[in-house]
Amino acid sequence: MTYLLIAMIVIAVVVSAFFFKSTRLSSRIRRAEGAFAEEDYTRAGEIVKDILDKNHDYPPARYLKARLLIHQNQYVMAIYELNSILTLPDFRTYASEYELRSQLAHLYSETKNWDKEIEEYKMILMIQPDDVNANYRLGHALYSMKNYHSAFTYLQKSFEADPTKTENLLPLGVCYFHVGDHEKSELNLLRALETGNAGEEARFYLGSIYFSKKKYEEAAALLEISRKDRRYFVKSLFLLAKIFYEQENYERAVEILEEGLGNLKEKTDEAYEYRYLLAECYEMLNRLKEAIHHWEKIYSENPSYRAVKVKLDTYNAILQDDTLTMVYQSSIEELQPLIVEMISGLQYNIIARERINSNEYQYRAFNIKRINEPPILIYFNRSIREITENQIAQFQDKLNSEKCRSGIYITTNKYSLRAKATAASRQIELYDRELVSRVLEKTRIKKKYQTGRGN
């Protein structure tokens with residue numbers, strides 16, 4: 001009986017001591033919390049330190065220590081404290097896991113540790129799946145990492161739950177763009193601009209959408225603004241140049257593309273695509289040396305890119321032919337005597353001519369030997385590229401509009417096999433660079449002979 005009484009007394013003493021200690025700890029942590037609330041951070045820190053010196057793993061004190069570290073912008077140390085609390089077996093008795101992980105997610109965002117931030121928000125959503133802020137923050141974190149397809153789900157859920165969060169409009173618009181829904185992307189981006197929650201980024205993507213719709217005027221106006229943002233400078237220039245390329249204003253396209261060369265990230269697909277377009281613009285201007293320079297740059301880094309070797313072989317062959325080089329370096333007006341001689345050699349007499357662009361001319365002509373026949377249409381196309389079946393089909397449309405039964409197509413290059421087949425079925429005669437070279441050689445010999453006679 002005596003032993004039982006002693007045991008009961010011991011237990012009572014232990015319980016009383018534990019209760020006293022807990023009460024005392026609770027009282028002290030309340031005083032620390034009060035000091036923190038009154039912004040007496042020094043006093044709060046002193047109390048917390050004293051508690052932790054004797055009770056290192058007391059969760060309320062460690063949590064208040066983490067909050068003090070956050071206040072002092074010591075985010076890395078605060079992250080350590082919060083993670084340490086989560087490892088304590090009884091932390092849920094004193095602190096909310098949701099609150100701890102929310103603090104951690106915020107700190108990872110502040111320290112730009114996006115992967116860890118995403119992990120924390122995913123843990124939060126396991127606790128509260130419909131949490132608006134967690135969906136919002138997770139969506140934005142994934143968006144900042146350009147993980148648009150994953151970000152889209154969380155941003156959409158957040159915005160559906162709280163349409164007042166207009167900060168979602170811009171990232172949602174960009175995500176819709178990347179998942180291929182341009183209509184919803186345009187709608188969200190326009191709304192983002194209206195609410196003032198967007199800038200050059202929204203304008204770049206809107207410009208991209210309008211470019212794809214061939215609304216070139218609207219696209220150009222937006223891209224001129226978005227190019228001011230360093231992130232979209234090269235991309236905006238590229239799309240602006242493509243607009244001018246489509247409009248056959250190759251000189252302006254070259255000016256724009258040259259402006260961005262110094263900002264290219266070399267050995268990337270973006271750089272190859274950029275240089276390829278610039279080379280094509282030089283090609284259309286018949287500035288072969290400049291075009292070759294960019295083809296060679298691409299080939300040296302990525303020989304298999306878009307059959308660039310075929311381009312180089314073609315262009316270098318032209319440059320090695322002095323006769324053809326002269327054709328490409330002269331203006332289309334300077335070539336008129338040569339073209340007239342070619343047409344005369346085919347037994348035709350020109351009665352009308354029309355300049356199409358800097359490389360193409362169209363002529364109406366009569367056959368010298370068959371003057372009673374109706375006139376035919378003759379098309380001259382100075383091109384480095386192989387003539388395609390589509391170009392022959394377009395020439396056929398011209399024949400129909402001009403009410404000509406037949407025509408002649410002359411180019412300084414060659415024709416594809418399909419182009420030849422298309423021409424044969426539509427009464428179109430084809431002449432390639434062999435005719436041009438032959439007439440040029442004949443002209444050169446004639447001039448040499450006349451010079452010799454003059455001497």
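Before reading further, recall that the structure is shown in the block above.
Treat the numbers as computed from the prediction; the structure is a model and nothing was measured.

Visitor: Would you mind showing me how to read the overall build of the protein chain here?
Guide: Of the regular secondary structure elements, the protein chain holds 22 helices and 5 strands. Over its C-alpha atoms the protein chain spans a radius of gyration of 38 Å, topping by over 25% the 23 Å that the globule rule assigns to 455 residues. Taken over the C-alpha atoms alone, the protein chain extends approximately 145 × 45 × 40 Å along its principal axes. In the protein chain, which comprises 455 residues, the share counted as buried stands at 45%.

Visitor: Looking at this structure, how should I read unusual backbone geometry?
Guide: In this structure, Lys146 takes a positive phi of about 65° despite not being glycine. Mapped onto the fold, Lys146 is located in the loop between α7 (132-144) and α8 (148-161). Residue Gln347 is not a glycine yet carries a positive backbone phi of 75°. Relative to the assigned elements, Gln347 resides in the loop between α19 (336-345) and β1 (348-355).

Visitor: What am I meant to see in the environment of Ala78 here?
Guide: Along the chain, Ala78 falls in helix α4 (residues 75-87). Using a relative accessible area of 0% as the deciding quantity, one classes Ala78 as buried. Spatially, the C-alpha atom of Ala78 lies 31 Å from that of Thr153, the residues being 75 residues apart in sequence.

Visitor: I keep staring at helix α9 (residues 169-178) and nothing clicks. Help me out?
Guide: Note: α-helices contain 3.6 residues per turn, so residues at a spacing of three or four share the same orientation. Burial analysis of α9 places 9 of its 10 residues in the buried class, the great majority of the element. Among the residues making up α9, those that are buried are Leu169, Leu170, Pro171, Leu172, Gly173, Val174, Cys175, Tyr176 and Phe177. Looking at the buried residues of α9, the elements they touch are α7, α8, α10 (182-195) and α11 (200-212). Immediately beyond the C-terminal end of α9, within one or two residues, lies Gly180, with a positive phi of roughly 95°.

Visitor: What should I look at first to understand α8 in this one?
Guide: For α8, spanning 14 residues, the distance from its first C-alpha to its last is 20 Å, which sits close to the expected 20 Å at 1.5 Å a residue. Those residues of α8 lying buried are Tyr148, Ala151, Phe152, Leu155, Ser158 and Phe159. All buried residues of α8 lie within an arc of 145° about the axis, which places them on one face of the element. Seen from the buried face of α8, the exposed residues on the opposite side, beyond 90 degrees, are His149, Glu160 and Ala161. Summarising the contacts, the buried residues of α8 are in contact with α7, α9, α10 and α11.

Visitor: It is not clear to me how the side chain of Ser330 should be interpreted in this structure. Could you clarify?
Guide: Looking at where Ser330 falls in the secondary structure, it is placed in the loop between α18 (322-329) and α19. In this structure Ser330 comes out as buried when scored by relative accessible area, which is 15%. For Ser330, the side chain forms a polar contact with the main-chain oxygen of Met326, separated by 2.8 Å. Ignoring anything within four residues of it in the chain, the contact list for Ser330 reads Leu335 and Arg382.

Visitor: Can you help me understand the sheet that holds strand β5 (residues 428-431) in this one?
Guide: Strand pairing in a sheet is mediated by backbone hydrogen bonds. Such pairs are either parallel or antiparallel. Pairing in this open sheet of 5 strands is mixed, and the strands run β1-β2-β3-β4-β5 from one edge to the other. The two strands at the open ends of the sheet, each matched to only one other strand, are β1 and β5. Sheet twist, expressed as the mean angle between neighbouring strand axes with direction ignored, is 20°. Alignment of strand β2 (residues 360-367) against strand β3 (residues 376-381), held across 6 bridges, turns out to be antiparallel. Bridge assignment links Tyr361 to a residue of β3, and that residue is Phe380.

Visitor: Please explain the nonpolar core as it appears in this structure.
Guide: Nonpolar side chains in soluble globular proteins generally cluster together in the buried interior. The biggest cluster of nonpolar side chains holds 100 residues, and the ones touching the most others in it are Trp295, Met342, Ile378 and Ile410. Here Ile378 is in contact with Ile343, Tyr348, Tyr361, Gln362, Tyr363, Ala365, Ile408 and Ile410, once residues within four sequence places are set aside. The next biggest cluster of nonpolar side chains, apart from the first, holds 17 residues, and it includes Leu69, Tyr75, Ala78 and Leu86.

Visitor: Is there a simple way to explain the packing of helix α13 (residues 233-246) against helix α14 (residues 250-260) in this structure?
Guide: To describe two helices that pack against each other, one gives the angle between their axes and the distance between the axes. Two numbers describe how α13 lies on α14: the axes approach to 8 Å, and their chain directions differ by 170°. When the interaxial angle is binned, α13 and α14 end up roughly antiparallel. In this structure, α13 contributes Phe233, Val234, Leu237, Phe238, Leu240, Ala241, Phe244 and Tyr245 to the contact, and α14 contributes Tyr250, Arg252, Ala253, Ile256, Leu257, Glu259 and Gly260. Of the residues assigned to the contact of α13 with α14, the class counts are 12 nonpolar, 1 polar and 2 charged.

The rules behind each value
Residues numbered from 1 in each chain as written. Predicted model: local features only at pLDDT ≥ 70, side-chain atom pairs only at ≥ 80, totals over all residues. Heavy atoms only, no water. Helix = DSSP H or I, 4+ residues; strand = E, 2+ residues; numbered from the N terminus. Rg over C-alpha atoms; globule rule 2.2 N^0.38 Å. Buried < 20%, exposed > 50% of the residue type's maximum accessible area, 1.4 Å probe, protein only. Contact = heavy atoms within 4.5 Å. Expected span 1.5 Å × (residues − 1). Arc of directions from axis to C-beta. Polar contact = N/O pair within 3.5 Å; in protein donor to acceptor, adjacent residues only side chain to side chain. Pairing = 2+ DSSP bridges. Axes fitted to C-alpha atoms, helices over the stretch in contact; angles between N-to-C directions. Core = buried A, V, L, I, M, F, W, Y, C linked by side-chain atoms within 4.5 Å. Parallel < 35°, antiparallel > 145°, perpendicular 65-115°, else oblique. Nonpolar A, V, L, I, M, F, W, Y, C, P; charged D, E, K, R; others polar.

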